Amino acid sequence: MADQLPVIRGMHDILPADMPAWYRLEDEYRMLVESYGYRQIRTPIIEKTALFARSIGVVTDIVEKEMYSFDDRNGDSLSLRPENTASVVRAGLQAGLLHDQQQRLWYCGPMFRHERPQKGRYRQFHQLGAETFGISGADIEAELILLAARFWKRLGLDEIDLQINSLGSSQCRQRYRGLLVEYFRDHHSELDEDSRRRLESNPLRILDSKNSDMQTLIEAAPAMRDSLDAESRDHFSELTDILDQTGVSYQVNQRLVRGLDYYCHTVFEWVTETLGAQGTVCGGGRYDGLVEQLGGKPNFAAGFSMGSERLISMLIDQQLAPAEADCDVYLLMRGTGSVARSQQLAESIRDRMPRLKLVVHAGAGSFKSQMRKADKSGAQVAIILGESEMAAGTVTLKFLRQQRQQAEVPQAEIVTRLAALLE
Ligand code: ATP
Ligand code: MG
């Protein structure tokens, strides 16, 4: 026998038993974002590597060490998308969606990062996201936060907390960056290797370091808050005002910077303690510089992205994704029952009951083995079509989960009977 080939490390199959949770998450998300006026966009999972290098930034974990990049047959460097924002901007520019107009867009789909696999961290994972363009105020940031808050509520997840911070306008950010570089240079010997590398290229990222040896140094670093100009402070207090008035609780976290280069003003994360180390389920903020960085006219942009696998884990742990039956009715044949007649009957039922989960027995077999399959299918009712039924224009209904006499009913009445039985 040939060897079986296993799935690639860090990637996983989503099996039928997992689907109730996935449907719950994705259906709920789609209904929710569409109710806020967001429209879906789907982009290819492969893009030019340059798109991500230019948007995410060369000195980020993602571009430095997490991308799946390869040369295609023409010698172009391509990458599997590690996130969707850059692609959405590229697509939006290409289709003329970002010019002189507001956009509210959403997406969902797989992303790829070559990270060390662990619980809540995979090499192929899925994100649900939203991106807005052309809107400069804190109002849209608040909308994105309210939308996420409502999502948790609809899903029944209540242990997710909001952290927010402001990076200020790009000028303040520049100034703050200078202060940070100066501070960390003075403490060069205390920096770890990653931080030394980031010092010149992306010093804000040092604040984000997970290295516990660095925490005292980071605590004592200049605070971002002190570098904000009046306009940036106003922007941020407009956001916190809206959150206060709409009853969203939050914590201001001065160390929250987000990994990517293009953020300004508001950044936020939704974090839970219920998942262990990988507790961030959603991250987002404002990224006004990005559209221009990707070749468009300067434009306002804000959005977020959620990790589906982490939310799915929460739904499953908290039993918030009840399995639906895979089959309501199982149709089988007795004796020399006719396969064609049973398919014909099934099709006529499907014409009238489009949502019914009706499985028609396939693969022949004795009556006994067909009944075993009917039972295993989870169906409430078996429809039996035998020679005598065919002659009489009837079927036999057998109740698989109830103590109840089987009944022979005219074929013309099946739909009414099934509807009454299954409602
Ligand atoms: P982390 O700090 O956990 O690495 P991140 O800042 O790299 O997260 P983002 O790029 O902001 O993550 O992606 C948004 C969300 O996508 C994260 O909050 C997380 O829920 C999810 N996510 C990111 N990377 C992974 C991964 N490798 N596996 C599963 N989910 C992920
Ligand atoms: Mg990461």
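For the structure, check the block above.
First, a word on scope: everything that follows refers to the structure included in this document.

1. Some remarks on the overall build of the chain
Thinking step 1. Summing up its helical and strand segments, the chain has 15 helices and 16 strands in all.
Thinking step 2. Scaling as 2.2 N^0.38, a compact globule of 423 residues should have a C-alpha radius of gyration of about 22 Å, whereas the chain reaches 28 Å, well beyond that.
Thinking step 3. Along the three orthogonal principal directions, the C-alpha set of the chain runs to about 95 × 60 × 45 Å.
Thinking step 4. Scored against the burial criterion, the 423 residues of the chain give a buried share of 49%.
Thinking step 5. Of the contacts made within the chain by residues no fewer than 6 positions apart, 71% connect residues no fewer than 24 positions apart.
Thinking step 6. The averaged location of the 59 negative side-chain charges in the chain is 6 Å from the averaged location of its 50 positive side-chain charges.

2. Some remarks on a nonpolar patch on the surface
Thinking step 1. Nonpolar side chains collect at one region of the surface, where I45, I46 and F70 lie side by side and expose about 220 Å² of accessible area between them.
Thinking step 2. Look at F70 and you get partly exposed, because its relative accessible area is 35%.

3. Observations regarding the sheet that holds strand β4 (residues 77-80)
Thinking step 1. Spatially, the 3 strands line up as an open sheet ordered β2-β4-β3, and their pairing is antiparallel. Both outer strands of the open sheet, β2 (46-48) and β3 (69-71), are each paired with one neighbouring strand and no more. Neighbouring strand axes in the sheet, compared pairwise and without regard to direction, differ in orientation by 35° on average.
Thinking step 2. Sheet topology note: the β3/β4 ladder contains 3 bridges and is antiparallel. Bridge pairing in β4 links F70 to L78.

4. What to know about the nonpolar core
Thinking step 1. Of all hydrophobic cores here, the largest spans 44 residues; its most connected members are F133, F184 and L207.
Thinking step 2. Those elements giving two or more residues to this core turn out to be α2 (49-56), α3 (61-66), α4 (85-94), β5 (103-112), β6 (124-133), α6 (170-186), α8 (215-219) and α10 (290-293).
Thinking step 3. Among the elements that take part in this core, α6 stands out by supplying 5 residues, more than any other.
Thinking step 4. With residues up to four places along the chain from it excluded, the contact list for F184 reads L191, L199, I206, L207, L217 and A221.
Thinking step 5. In this structure, Y29, A130, V281 and M314 belong to the second largest nonpolar core, which totals 41 residues.

5. Some points on the packing of aromatic side chains
Thinking step 1. Considering all chains together, one arrives at 6 aromatic pairs under this definition.
Thinking step 2. Taking the centre distance of 5.3 Å and the plane angle of 65° together, the rings of Y29 and F151 count as edge-to-face. Of this pair, Y29 sits in helix α1 (residues 19-35) while F151 is found in helix α5 (residues 138-155), placing the two residues 122 residues apart along the sequence. We note that Y29, like F151, is buried.
Thinking step 3. Here the aromatic rings of Y263 and Y287 are separated by 6.0 Å at their centres, their planes lie at 85°, and the arrangement is edge-to-face. Residue Y263 is found in the loop between β8 (251-252) and β9 (264-271), and its partner Y287 is found in the loop between β10 (280-286) and α10; the two are separated by 24 residues along the sequence.
Thinking step 4. Under the relative-accessibility criterion, Y263 is labelled buried at 7%.

6. Section: the packing of α1 against helix α11 (residues 308-317)
Thinking step 1. At a minimum axis separation of 10 Å, α1 and α11 run at an interaxial angle of 115°. Two packed elements cross with a definite hand, and for α1 against α11 that hand is right-handed. Residues A21, W22, R24 and L25 of α1 pack against S308, E309, L311, I312, L315 and I316 of α11.
Thinking step 2. Classifying every residue of the contact of α1 with α11 by side-chain character gives 7 nonpolar, 1 polar and 2 charged.

7. With respect to the sheet that holds strand β7 (residues 161-166)
Thinking step 1. Reading across the sheet, the 8 strands line up as β1-β5-β6-β11-β10-β9-β7-β8 and stay open at both edges, with mixed pairing between neighbours. Strands at the two margins of the open sheet, each flanked by one partner only, are β1 (39-40) and β8.
Thinking step 2. Both β5 and β6 contribute to a ladder of 10 bridges, which runs antiparallel. Bridge assignment links C108 to a residue of β6, and that residue is L128.

8. Structural notes on the pattern of salt bridges
Thinking step 1. For the structure on display, the rule yields 14 salt bridges.
Thinking step 2. Salt-bridge contacts for R24 lead to E28; the nearest nitrogen and oxygen are separated by 3.3 Å. On the criterion of helical spacing, the pair formed by R24 and E28 is a turn pair, its members being 4 residues apart in helix α1.
Thinking step 3. Taking relative accessible area as the criterion, E28 reaches 14% and is therefore assigned buried.
Thinking step 4. Here E324 makes a salt bridge to K357, at a shortest N to O gap of 2.9 Å. Of this pair, E324 sits in the loop between α11 and β12 (329-333) while K357 sits in the loop between α12 (339-352) and β13 (358-360); the two residues are 33 residues apart in sequence, bridging distant segments of the chain.
Thinking step 5. In this structure K357 comes out as partly exposed when scored by relative accessible area, which is 29%.
Thinking step 6. Here the residues in one salt-bridge network are E141, R286 and D288, joined through shared partners.

9. Considering the state of the cysteines
Thinking step 1. Enumeration according to the criterion identifies 0 disulfides in this entry.
Thinking step 2. Free cysteine: C108, not disulfide-bonded; nearest cysteine sulfur from C282 at 14 Å.
Thinking step 3. What makes C108 partly exposed here is its relative accessible area of 28%.

10. Considerations on the pairing of β5
Thinking step 1. Most of β5 sits inside the fold, with 7 of its 10 residues counted as buried.
Thinking step 2. Relative to β5, β1 runs parallel, the two sharing 2 bridges. Paired with R39 across the bridge in β5 is L105.

Scoring rules and cut-offs
- Residues numbered from 1 in each chain as written.
- Chains lettered and ligands numbered in written order.
- Predicted model: local features only at pLDDT ≥ 70, side-chain atom pairs only at ≥ 80, totals over all residues.
- Heavy atoms only, no water.
- Helix = DSSP H or I, 4+ residues; strand = E, 2+ residues; numbered from the N terminus.
- Rg over C-alpha atoms; globule rule 2.2 N^0.38 Å.
- Buried < 20%, exposed > 50% of the residue type's maximum accessible area, 1.4 Å probe, protein only.
- Contact = heavy atoms within 4.5 Å.
- Lys, Arg positive; Asp, Glu negative; His and termini not counted.
- Charge placed at Lys NZ, Arg CZ, Asp CG, Glu CD.
- Patch = residues over 30% accessible without salt bridge, like charges linked within 9 Å, V, L, I, M, F, W, Y side chains within 5 Å.
- Areas by Shrake-Rupley, 256 points an atom, 1.4 Å probe, with all protein chains shown as cover.
- Salt bridge = Lys/Arg side-chain N within 4 Å of Asp/Glu carboxyl O.
- Pairing = 2+ DSSP bridges.
- Axes fitted to C-alpha atoms, helices over the stretch in contact; angles between N-to-C directions.
- Core = buried A, V, L, I, M, F, W, Y, C linked by side-chain atoms within 4.5 Å.
- Phe/Tyr/Trp six-rings, centres within 6.5 Å; stacked < 30°, edge-to-face > 60°.
- Left-handed = near helix turned anticlockwise from the far one by under 90°.
- Nonpolar A, V, L, I, M, F, W, Y, C, P; charged D, E, K, R; others polar.
- Disulfide = S-S within 2.5 Å.

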